[in-house]
Amino acid sequence: MGGDAPLPQKLAYMACHFSPYGTGLSNLPPSLPPGSLLILNDRIPIIGHSPQRIANQIKQAVDTMDCAGVLLDFQNPEVKALAALSEYLVSELPCPVAVSDEYAGSLACPVFLSPCPHHTHLQEHIAPWGGRQLWLDWAGDAETITLTKDGASIHPLPLGEIPEGGHWDEKLHCHYSIENGPDSARFTLWRTKDDLENLAREAEELGIHTLVGLYQELKQQHPS
């Protein structure tokens, strides 16, 4: 990050981890600006960790740094310990706790939704969660869809491989290009800076409460 690069007005700390050496958390920040979000993810697996100790560590951090909330960005599916910890922290922490859609279920908490796929309308993406407060992963990623006689396969695409130009889909808030082969068609879909801003406007219109994006990713997003 260059010295003159402006930081976002609202910050989120990414991220705390389950300690590989103990029963609590590691990588807790020494300080954060007031009003920041504290994120806990499951990049390090949860194995024998103490929900009570984790809750106490987060409570202390939230109180000391005046955090606006906590985001449980748990992505590994069907882990009983993560489900139990999510339920416990939602009930114990004194601030808003958003939980990834993998574990939010019927918990009384905001739902942290995975990024809206490029080929899906935002309203369709959020439809299963009607009535819940929604936080959206506002991602500047890209994807390819390859169609063959056997069906479609979808794969992520590094930002550095995004093509220039392309066509624009106003309703999906994305750009796309098409490559035809002898036995397949390959669609590349991505969101420019303008697409992301349009997606954010629709998110606000649909009542989505919070957008959470990776700064390193969004700041280098294709500019047009």
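Residues numbered from 1 in each chain as written. Predicted model: local features only at pLDDT ≥ 70, side-chain atom pairs only at ≥ 80, totals over all residues. Heavy atoms only, no water.

Quick notes on the nonpolar core
Step number 1: One finds Phe18, Leu38, Leu40, Ile58, Val70 and Val99 to be the most contacted residues of the largest nonpolar core, which totals 41 residues.
Step number 2: In terms of residue count, the dominant contributor to this core is helix 1 (residues 51–65) (6 residues). (Core = buried A, V, L, I, M, F, W, Y, C linked by side-chain atoms within 4.5 Å. Buried < 20%, exposed > 50% of the residue type's maximum accessible area, 1.4 Å probe, protein only. Helix = DSSP H or I, 4+ residues; strand = E, 2+ residues; numbered from the N terminus.)

Concerning the packing of aromatic side chains
The geometry of an aromatic ring pair comes down to the distance between the two centres and the angle between the two planes.
Step number 1: For the structure on display, the rule yields 2 aromatic pairs.
Step number 2: On the basis of an interplanar angle of 35 degrees and a centroid distance of 5.9 Å, the ring pair of phenylalanine 18 and phenylalanine 74 is categorised as tilted. Placement of phenylalanine 18 in strand 1 (residues 12–18) and of phenylalanine 74 in the loop between strand 4 (69–73) and helix 2 (80–92) is noted, with a sequence separation of 56 residues between them.
Step number 3: You can call phenylalanine 74 buried: its relative accessible area is 0%. (Phe/Tyr/Trp six-rings, centres within 6.5 Å; stacked < 30°, edge-to-face > 60°.)

Considerations on helix 2
Step number 1: A rise of 1.5 Å per residue sets the reference length of helix 2, with its 13 residues, at 18 Å; its end C-alpha atoms lie 18 Å apart and thus fit the reference within 8%.
Step number 2: Turning to helix 2, its buried residues number three or more, namely Leu82, Leu85, Ser86, Leu89 and Val90. Buried positions in helix 2, seen along its axis, are confined to an arc of 130 degrees and lie on one side of it. The outward face of helix 2, more than 90 degrees from its buried face, is lined by the exposed residues Lys80, Glu87 and Ser91.
Step number 3: The inward-facing, buried residues of helix 2 contact strand 1, helix 1, strand 4 and strand 5 (97–100). (Expected span 1.5 Å × (residues − 1). Arc of directions from axis to C-beta. Contact = heavy atoms within 4.5 Å.)

A look at the sheet that holds strand 4
Step number 1: Read across the open sheet, the 8 strands follow the order 2-1-3-4-5-6-7-13; overall the sheet is mixed. At either margin of the open sheet sits one strand with a lone partner, and together these are strand 2 (25–26) and strand 13 (210–212).
Step number 2: Looking at chain direction, strand 1 and strand 2 are connected through 2 bridges and run antiparallel. Bridged to phenylalanine 18 within strand 2 is leucine 25. (Pairing = 2+ DSSP bridges.)

A closer look at the side chain of glutamate 202
Step number 1: Position of glutamate 202 relative to the elements: it lies in helix 4 (residues 193–205).
Step number 2: Notably, glutamate 202 is buried but unbridged: the nearest opposite-charge side chain belongs to arginine 191, and the N-O separation is 8.0 Å.
Step number 3: Not counting the four nearest positions on each side in its chain, glutamate 202 is found in contact with Leu122, Gln123, Lys171 and His173. (Lys, Arg positive; Asp, Glu negative; His and termini not counted. Salt bridge = Lys/Arg side-chain N within 4 Å of Asp/Glu carboxyl O.)

Regarding the pairing of strand 3 (residues 37–41)
Successive side chains on a regular strand alternate, one facing one side of the sheet and the next facing the other.
Step number 1: In terms of burial, strand 3 is a largely internal element, 5 of the 5 residues being buried.
Step number 2: Across the two faces of strand 3 the burial is the same, with Leu37, Ile39 and Asn41 and Leu38 and Leu40 all buried.
Step number 3: Both strand 1 and strand 3 contribute to a ladder of 3 bridges, which runs parallel. Each bridged residue has a counterpart across the sheet, and for tyrosine 13 the counterpart in strand 3 is leucine 38.
Step number 4: In the classification by handedness, the crossover that spans strand 3, the intervening helix 1 and the parallel strand 4 is right-handed. (Right-handed = clockwise from strand over helix to strand, strands pointing away.)

Things to note about the environment of valine 70
Step number 1: Structurally, valine 70 can be placed in strand 4.
Step number 2: Along the backbone, valine 70 and valine 97 are 27 residues apart, and their C-alpha atoms lie at a distance of 4.8 Å.
Step number 3: Excluding residues that lie within four positions of it along the chain, valine 70 makes contacts with Leu37, Leu38, Ile58, Val62, Leu93, Cys95, Pro96, Val97, Ala98 and Trp135.

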